[in-house]
Amino acid sequence: MSEDNNVSNNVETNETTNAAVENNDANVVLENNTSNVNTQFITPNDSTPLEAKKKSKALPICIVLIVALCICLGGFYFYFSTPKKIVSNVINKAYEKYDEIANKDVKFDIAKDSVKVEGNLNFDTNIPGFDTIKNDVIKFTGGIDYKNKKAEGGLSLDEKNKTLADIMAYVIDGNAYMTLGDDYKGLVNVGKSDFEDVLNLEDLEKTKIDKDDINYVVKAYKDILIDSIDKKDLEKSSDTIKIDGKDTKVTKISYKVNKKNLEKLSKNIIDKTLSDKELLKKLAKITDTDVEDIKDSLKEAKDDLEIEDEDLNMTLNIYTKGFMNDFVGLDLKIDKDNSLNVVVNKDNTKVTIKAGNEMTFVATIKEYNDEKIDIDYNVKVATTTVSGNLTITAKETKKDHYKGSLNFTVKYAGFNASVKMDYTMEIGAKIADINTSKAVDQNKAYYDLQIASNKILNRLQSSNIGTIISSFADSFEEEDDDDDYSSYNYDDEDYVY
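Visitor: For this particular structure, what's the right way to read the packing of aromatic side chains?
Guide: We describe a pair of aromatic rings using the distance from one ring centre to the other and the angle between the two ring planes. Per the stated rule, a full pass over the model turns up three aromatic pairs. Considering the side-chain rings of Tyr95 and Tyr98, the 6.1 Å spacing of their centres and the 40° angle between planes classify their relative orientation as tilted. Residue Tyr95 and its partner Tyr98 are both found in helix H4 (residues 83–102); the two are separated by three residues, about one turn of the helix. On the accessibility criterion, Tyr95 (15% relative accessible area) is buried. Both rings, one in Tyr446 and one in Tyr447, keep their centres 5.3 Å apart while their planes meet at 85°; by these two values the pair is edge-to-face. On the basis of relative accessible area, Tyr447 is assigned to the exposed category, the value being 66%. Against the face of Tyr146 rests Lys149, its NZ or CZ located 4.3 Å from the ring centre.

Printed below as a string of structure tokens:
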């Protein structure tokens, strides 16, 4: 009985399905075939499965999207690989680097905020006669509180861990004070001292230059320079330069620096400056000049503009590589013997200056950011070579507190010398924070101060640094004594008594 029912149900189902197909009723097909796992959707006029049909429709869409993407990328590359755009990007990148370093957020106004700097100065050398000072330490301190009319400054010299001199000076409430370390116990009032004699910011306050004004001017001239470059004067070609010691294919953009182009560029810059009212206002404010005076000067400069060197013929080449035309170098060829070359390597930037056949200067910039500058240098003049390093650091350790250093080294013919300075700076520090109520008048302490001063002077004269200074002074005196005046014939008539 159940078997007959199944047959009957299948017949009904097939009939229903056929009827649905004839009536184009897909919903009926769906409802009556939910129990049949292998059932496929079939349209009256198409025997293709729906899944395959979806794929066949998606393929043309993907092709269209890929083609559109290629067109966009091609247009993007074409736009950003034009000579003018490449030069613009290089200038913009240079400006961004400047902006990153120049506009580091250090909020300090010398007219309102006090500042104090302290540090040590060390020397090291293997040069005979000078190597005695390599363990000497000069300590310094200086501070200004312009708002409260206070100042302080001091120097001390340590030789072999022994202090030879320790002098401090202060300006407080219109009076000057000093201490002499252990050579004179106590504070000495050395008399009246007008703070403006130490630091006068009256003129600076009147013509205070706003940081935002400087930023506006720099950015404005960056944009003006880009706009003023005529794309007709730029040429694009392929070249090969050495990067990280390997031959690398690059794109070269060349700009001829001749009389015609330089005059045209200069006039464009002047015209664009005259048309920028806000720029003229900023320039007037920075230079403390009337806008009309600046305009008159620019117009006069334009009228008188003429490059005198008719034979001027320099070439500026800018090198880029990769899809995004990343800057990798430049060179300025002045003539066959004089040039400037810059190459951006992976770990450094190398700058080479050639001045004739006699001198070559090479600077390898290993690091250059708002916290550290690290540069190796090499100077060759004829057969003489001098090399060394300059490293400068500066870092904010906490709010309004900074720590840094400067290290300069020189190497020549097996000899070397270095100067190292470590320093700290605090904004908002207390300046000349001393008790002056027990200060002794210099006239009352005259003899004691004389004795203390003589002790300090004698120690300094016999110190390592003092000995070196004395030898230099003696050598200059000997040169003066060696001058031979015997060849000069003087006649009494030449003198007026």
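Next, the rest of the story.
Visitor: Just to check I follow, could you spell out the nonpolar core for this structure?
Guide: One broad trend across soluble globular proteins is that nonpolar side chains are buried collectively. Counting residues in each nonpolar core, the largest one holds 15 residues, and the members touching the most others are Val87, Ile91, Ile229, Leu234, Ile253, Tyr255 and Ile318. Contributing elements (two or more residues each) for this core: H4, strand S8 (246–258) and strand S9 (313–321). Broken down by element, this core gets its largest block of residues, four residues, from H4. Not counting chain neighbours up to four residues away, the residues in contact with Ile253 comprise Pro83, Ile86, Val87, Leu234, Glu235, Lys236, Leu316, Asn317 and Ile318. Counting ten residues, the second-largest nonpolar core is a separate cluster that includes Val217, Ile270, Ala284 and Leu298.

Visitor: Is there a simple way to think about helix H9 (residues 277–287) in this case?
Guide: Residues three or four positions apart in an α-helix share a direction because the helix packs 3.6 residues into each turn. Here H9 has its buried residues at Leu279, Leu280, Lys282, Leu283 and Ala284. Buried residues belonging to H9 abut helix H7 (211–228), helix H8 (259–274) and helix H10 (291–304). At the N-terminal end of H9, a side-chain oxygen is found 3.2 Å from the backbone nitrogen of Glu278, two or three residues along, and the residue is Asp276. Asp288 occupies a position one or two residues after H9 and carries a positive phi of about 55°.

Visitor: Whenever I open this one, the pattern of salt bridges confuses me. Can you help?
Guide: Where side chains of opposite charge bring their charged atoms close, a pairing between them can arise. The final tally for this structure, using the stated rule, is 20 salt bridges. Between Lys242 and Asp247 there is a salt bridge, with its nearest N and O atoms 3.1 Å apart. Considered together, Lys242 and Asp247 belong to a single accessibility category, that of exposed residues. Residue Asp271 pairs with Lys302 through a salt bridge whose shortest N-O separation is 2.6 Å. Taken together, the residues Asp271 in helix H8 and Lys302 in helix H10 connect sequence positions 31 residues apart. When its relative accessible area of 28% is taken as the criterion, Lys302 is described as partly exposed. One connected set of salt bridges, linked through shared partners, spans Asp213, Glu278, Lys282 and Lys285.

Criteria and thresholds
Residues numbered from 1 in each chain as written. Predicted model: local features only at pLDDT ≥ 70, side-chain atom pairs only at ≥ 80, totals over all residues. Heavy atoms only, no water. Phe/Tyr/Trp six-rings, centres within 6.5 Å; stacked < 30°, edge-to-face > 60°. Helix = DSSP H or I, 4+ residues; strand = E, 2+ residues; numbered from the N terminus. Buried < 20%, exposed > 50% of the residue type's maximum accessible area, 1.4 Å probe, protein only. Lys NZ or Arg CZ within 6 Å of the ring centre and 35° of its normal. Core = buried A, V, L, I, M, F, W, Y, C linked by side-chain atoms within 4.5 Å. Contact = heavy atoms within 4.5 Å. Polar contact = N/O pair within 3.5 Å; in protein donor to acceptor, adjacent residues only side chain to side chain. Salt bridge = Lys/Arg side-chain N within 4 Å of Asp/Glu carboxyl O.

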